[in-house]
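# Residue-level structure breakdown
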Amino acid sequence: MPDVMELVYEVSNEDFTRAGEASSDVKRKLKKLGIPSDVIRRVSIALYEGEINMVIHAYGGKVTVTISEEAITMVLADKGPGIPDIDKAMEAGYSTAPDNVRNLGFGAGMGLPNMKKNSDEMNIETQIGVGTTVTMTVKL
Amino acid sequence: MKVSDICSNKDFKLLTKDFEDREISKPFCCDLLSIAMGKAPAGSCWVTVMANANTLAVATLTDVSCIVIAEGISFDDALIDKANEEDIIVFSTSLPVYDAAAIVGAGL
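## Remarks on the overall build of chain B
Scanning chain B for helices and strands turns up five helices and five strands. Along its sequence from the N terminus, chain B presents helices and strands in the succession α-β-β-α-β-α-β-α-β-α. With the principal axes as the frame, chain B shows a C-alpha extent of 30 × 25 × 25 Å. When each of the 108 residues of chain B is scored for burial, the buried share is 52%. Put simply, chain B shows about 4,700 Å² of open surface, and 50% of that area lies on carbon and sulfur atoms. Seen as two clouds, the 8 positive and the 16 negative side-chain charges of chain B have centres 5 Å apart.

As C-alpha cells, this is what we get:
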C-alpha cells in the first residue's frame, strides 16, 4: 500500500438512487485494505450522510477521501447555497429538507449530527451563495 | 438465531438469492433512514416499511444482517436486482413491523 491513497468522486445533483456510490466504494476499498470494521462503519456512515446532504441541499459536489496510515480524511466540497446558521444546522432534529426528501425517509435533521458523531474531527467552512466544504477525519 | 432461521418461518418470504448465513445480533425497527443510519446495530435484522434504493444503501453501510420489509409493502424487481448485486438479504412479510420483529426477537 502506498503511504497515502486518494479517492475522488463526483456526487451528482438530485439523484437519490445514486447517492451512496462514493461511500459504498470507499467501504469496499477500506475492507480490502484490512481497516477495522468499526472504523469502516463510521467512515461509511459519515460519508453517506454527507453525500445525501450534497444531493438534498447543494446540487451535488465533489468528495475527496484520503487514506493514510494515521487517518481517513473526507473532504466534501459543494457550490451550494451555504449554511446560514451552522449551530442551528448541527442541532439534532433541525431540518430544512423538502417534503420529497422526507418521503424517502431522510430529512429528519440527523445528517450533520451523525457526521459529527461518527468522525473524530469535523470542520465546516461555509459561505452564503458560494458553497460549503465539510472536512471529517476518522483516526486509525 | 441465524438469517436462515427466518427462511423456515412461513410468514417470511426470501426475495433475494441464496446467501451466506449469518448470526442476527438483534431485531431493529425504524422507517426513518436518517435514524436507521445512525442507530441500526451491525448484524441486526432491520424491519421497516421503507422500501427504496436508499434503504439498500443504508443496509450496506450499517452492515445489518438482513432487511425485512413489513406490512406487505412491495419491493420491486429493480430493487431485488440491486440487493442481489450488493449481497443484501431481503425478506418480505405481510406482518406489521412489531409482530415481525417480535418473531425475530423471540428466536434469539
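Now, onward.
## Overview of the overall build of chain A
When you go through chain A residue by residue, the secondary structure sums to five helices and five strands. Taking the principal axes of the C-alpha coordinates as reference, chain A spans close to 45 × 25 × 25 Å. Across the 140 residues of chain A, 49% fall into the buried class. Intrachain contacts of chain A at a sequence separation of at least 6 include 63% that bridge at least 24 residues. When the accessible surface of chain A is split by element, carbon and sulfur atoms take 50% of a total near 7,000 Å². Where the 15 positive side-chain charges of chain A centre and where its 20 negative ones centre are 5 Å apart.

## Looking at the pattern of salt bridges
All names here are of chain A. Going through the model one piece at a time under the given rule, you end up with seven salt bridges over all chains. Note that Glu-91 and Lys-88 form a salt bridge whose closest N and O atoms lie 4.0 Å from each other. For Lys-88, a relative accessible area of 35% gives the class partly exposed. As a salt-bridge pair, Lys-139 and Glu-121 come within 3.6 Å of each other at their nearest N and O atoms. With Lys-139 in strand 5 (residues 131–139) and Glu-121 in strand 4 (residues 121–127), this pair connects stretches of sequence that are 18 residues apart. Given a relative accessible area of 43%, Glu-121 falls into the partly exposed group.

## Description of the sheet that holds strand 4 of chain A
Residue and element names in this part refer to chain A. Pairing in this open sheet of five strands is antiparallel, and the strands run 1-2-3-5-4 from one edge to the other. Each end of this open sheet is capped by a strand with a single partner; those strands are strand 1 (5–11) and strand 4. Put simply, the sheet's adjacent strands are angled 10° from each other on average, direction ignored. Strand direction decides the pairing type here: strand 4 and strand 5, joined by seven bridges, are antiparallel. In the strand pairing of strand 5, Gln-127 is matched with Gly-131. The sheet contacts of helix 1 (residues 21–32) involve strand 1, strand 2 (61–67) and strand 3 (71–78), and relative to strand 1 the element is tilted by about 160°.

Calculation notes
Residues numbered from 1 in each chain as written. Chains lettered and ligands numbered in written order. Predicted model: local features only at pLDDT ≥ 70, side-chain atom pairs only at ≥ 80, totals over all residues. Heavy atoms only, no water. Helix = DSSP H or I, 4+ residues; strand = E, 2+ residues; numbered from the N terminus. Buried < 20%, exposed > 50% of the residue type's maximum accessible area, 1.4 Å probe, protein only. Areas by Shrake-Rupley, 256 points an atom, 1.4 Å probe, with all protein chains shown as cover. Lys, Arg positive; Asp, Glu negative; His and termini not counted. Charge placed at Lys NZ, Arg CZ, Asp CG, Glu CD. Contact = heavy atoms within 4.5 Å. Salt bridge = Lys/Arg side-chain N within 4 Å of Asp/Glu carboxyl O. Pairing = 2+ DSSP bridges. Axes fitted to C-alpha atoms, helices over the stretch in contact; angles between N-to-C directions.

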